[in-house]
Amino acid sequence: MADAPASAWARQDMAPDGTGFLRAGSGAPVLFIHGVGMNAAIWQPQIERMAGNWDVIAMDMLGHGQSPLPPPSPELADYADQAIRLLDHLGLVKVSVVGHSMGALVAQELALRAPQRVRSIVSLNAVFRRPPELAAAVRQRAAALTGRGDAAGTALTIARWFGDPVPSELKAATDKAASALSAVDPEGYARTYRLFARADNDHAERLQTLAVPALFMTGSQDRNSSPAMSAAMARLAPRGRCTVLPGERHMMAVAAPDLTTRHIVDFLGESGTAERDGAAEAIPGFDSGEFRRALGCFLTGVTVVTTIGPEGEPRGFTANSFTSVSLDPPLVLVCIAHRALGHPVFTTSRSFAINVLSEDQKTASGIFASKAADKFASVAWRPGRTGSPLLDGSVASFDCDVERLVDAGDHSILIGRVRDFEHNSSQPLGYCRGAYIAPGLSQEALAATQPGTDVGAILENGGRVLFLETADGLELPRGRGLGSVSDRKSLRGLLAAKAIEAQLGFLFAVWDDAVNSSLTHVYYRGTFDVPAASDRGIRLVDLKAIEGLKIPDPAVRSMLARYVRECTQDAFGVYVGNEMEGEVRPLGKASMPTASDTGDHK
C-alpha cells in the first residue's frame, strides 16, 4: 500500500459545514463512509482502483479527520444528515454509498431517510443484533472511553481487526489503520463509539422498508461483524444480498483490497443497470463445465439445505428433492413441504445452500431430518459466500441466491441462482426406497474374500494421485487383502503404517493374474487427506504427469492410463478380465441429474 500523501491520489477539500472529504475520478458517483477511528484516507485502495471509472468521494465522518465533532449524544441521523449536506454541496442528486462498520450503519440510515438520494448501498462488515456476550463487550469498551488517547486500546483494536499476531503480509495495512487510530480526535472517537455500541438494533424494524439494492458483505473470520449478521440483514432488505469473503476479517477493505473492491464494483455495476429481468448474468470465472461436474456428484442422493434465520441463527433440513435447472444461468432447485417447520424461514430467505452428503454423513442426514432443537451443534460448518451454512465433509455444495419461489401442490419450490459451488471426489450418500445406499462396492464383502487377493487403490486429492516410492520405481498402495490396520501386509495396514487417511469408493478394476491363476487383483478409486511432509516414501503426482512415470507393472500402467482418460471424460467404468484382455463396464453415462422425487427426505 502506497505511503504517498492523499493529495497524490485524490483532491482534498472541505464543505461549508467543515466536513473534510477526498475526491477522485469521474463517472457515476460513489460515496465512501469509513468506520469508527478511521478517516477518508483509509479508502485509498478503493479510490486508486475505482477512480478510472467512477466519481469517488470519501468523507470524514463527524469527529474524525477534518470534520467537526458530533453532538455530545449523537444519533445515526446526525451522521446521515452530514452526508446529505455534502451531497448538496457537491451538487450530487443520487449516489451509491459504500460504508464500513459504523459507516455501514450510516449508509443504511442515509438510504432509509433519503431513498431518493441513494442508488444502492454496500454495507461492509456491518453489525446487526449483536449476541448478548458481544453486546456486553462492546458496551464495556464504550463505557471505558474517557475522551483522551489510549495507546493500549489502539493495540487491542488492531489485534481484533487483523489478528494476534498480525500476519506479516498485512503490516502495511495494519500501520495505516494504526496511524488513523492514533490521529483521531479522542472526543470524536468516544462520542461515535458510544453510538456504535448501541446502534446495532436501530434498523431491525426498518430494513424491510429499504428500497434500494443492498449488498451486505463481511469476512468469514469477522467475529464482531459476523456472516450471520450480514445474512440476517440481507434477508430483511427487500433487495438485499449477502457475500462472505473466505478467511477475511474486519478490515478486509485494506487487508484484501483487490478482492473487496472487485465485489463492490461488480455489485455497483449491476445495480447501475436496468432492473434485473431474468436475463443471464455473467459471473466472472464461472466454469460451466466444472459446474456440470459438481452437479453430477448428486446420485439420487441426500442433501441438507441450509440458510440463516431472521435472528441470525442457522437453519437446515434434509431433502432428496434436489435437481439442476439450468447451466446458463446456473440454476438449481430444491423442494420443501408446506408443513415443514422450516417452511416460513426458507420461503422468506434471500439465499440458501444445498449440501450434497457423503457416505460418512448418514448421522447428519438423520439429525437434519429430525426435530432436534439445535441441529448444528453436532456438525462442523462454515458460512458460504451468501452466509448460508456449508457442512464440512459434503461431496458438493451449491451456495445460492433465491431466484424464484414457486408453490406447487403441498410443496414450495426454491429455485436458486448459484453464486458459488465446490465439489470433491468423495462418495455420495444415496437414498432409495426408504433406505440409505452406498454406491461403492461393499468393502465388507471384499474383506470376506480370500486373504491372498491383491487389493490396491488409486487415491486422488485435488488432481494429484498418491504413489509409494520403491526400489523399482513408483507403485500404487496395495496389500494382501483389504485386511485391518493391525495387519501390515494388508491394504488397510499399509495405509495405517504410512499415516495415510484414505476413503475407498468405487471399484475400478478386477483382473486375474497372468502368471498365478489363483491370484486376483482388485483396485478401487478413492480419496485421501494430504499427509504432512515426511520421509515415508509418499509421492503425489499430477494426473497429467502420470504418463511419464516409471511404473514397473504393465497392467497397472494400462489401468492408470484409463484412469487419466476417464477423469478427463468424467465417465468411469469397471474393468473386468485378465492382464491381456477384458472389458470396461460403464457405471453410467455422465449426464445431468434429473428429478425423480420432489418431496422432503424422511
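Residues numbered from 1 in each chain as written. Predicted model: local features only at pLDDT ≥ 70, side-chain atom pairs only at ≥ 80, totals over all residues. Heavy atoms only, no water.

Draft legend 1. Up close: the sheet that holds strand β8 (residues 240–245). Taking strand neighbours across the sheet as the criterion, the 8 strands line up as β1-β2-β4-β3-β5-β6-β7-β8 in an open arrangement whose pairing is mixed. Both edges of this open sheet fall to β1 (11–14) and β8, since each of them pairs with a single strand only. In this sheet, neighbouring strand axes are inclined to one another by 20° on average, regardless of whether the strands run parallel or antiparallel. With 6 bridges connecting them, strand β7 (residues 214–219) and β8 associate as parallel partners. In the strand pairing of β8, Leu 215 is matched with Arg 241. Here helix α2 (residues 76–90) sits on the sheet in contact with β1, β2 (20–24), β3 (28–33), β4 (54–59) and β5 (95–100), set at roughly 135° to β4. Contacting β3, β4, β5, β6 (118–124), β7 and β8, helix α10 (residues 257–271) crosses the sheet at an angle of about 155° to β6. (Pairing = 2+ DSSP bridges. Helix = DSSP H or I, 4+ residues; strand = E, 2+ residues; numbered from the N terminus. Axes fitted to C-alpha atoms, helices over the stretch in contact; angles between N-to-C directions. Contact = heavy atoms within 4.5 Å.)

Draft legend 2. Focus on empty space enclosed by the protein. Following the criterion strictly, the structure yields 2 cavities of 30 Å³ or more and no others. The space that makes up the largest cavity amounts to roughly 70 Å³. Lining the largest cavity are His 34, Gly 35, Ile 42, Trp 43, Gln 46, His 100, Met 251, Met 252, Ala 253 and Val 254. Take the lining of the largest cavity: its biggest share by element is 3 residues, from helix α9 (residues 252–255). By volume, the second largest cavity amounts to about 40 Å³. Around the second largest cavity, the lining residues are Ala 231, Arg 235, Thr 307, Ile 308, Ser 349, Arg 350 and Ser 351. Sorting the residues of the lining of the second largest cavity by element identifies α8 (227–236) and β9 (303–308) as the ones contributing at least two each. Of the residues assigned to the lining of the second largest cavity, the class counts are 2 nonpolar, 3 polar and 2 charged. (1 Å grid on protein atoms, 1.4 Å probe; cavity = no way out; pocket = protein on both sides within 12 Å on 5 of 7 lines; lining within 4 Å. Points joined across faces, edges and corners; volume = space filled by probe spheres on them. Nonpolar A, V, L, I, M, F, W, Y, C, P; charged D, E, K, R; others polar.)

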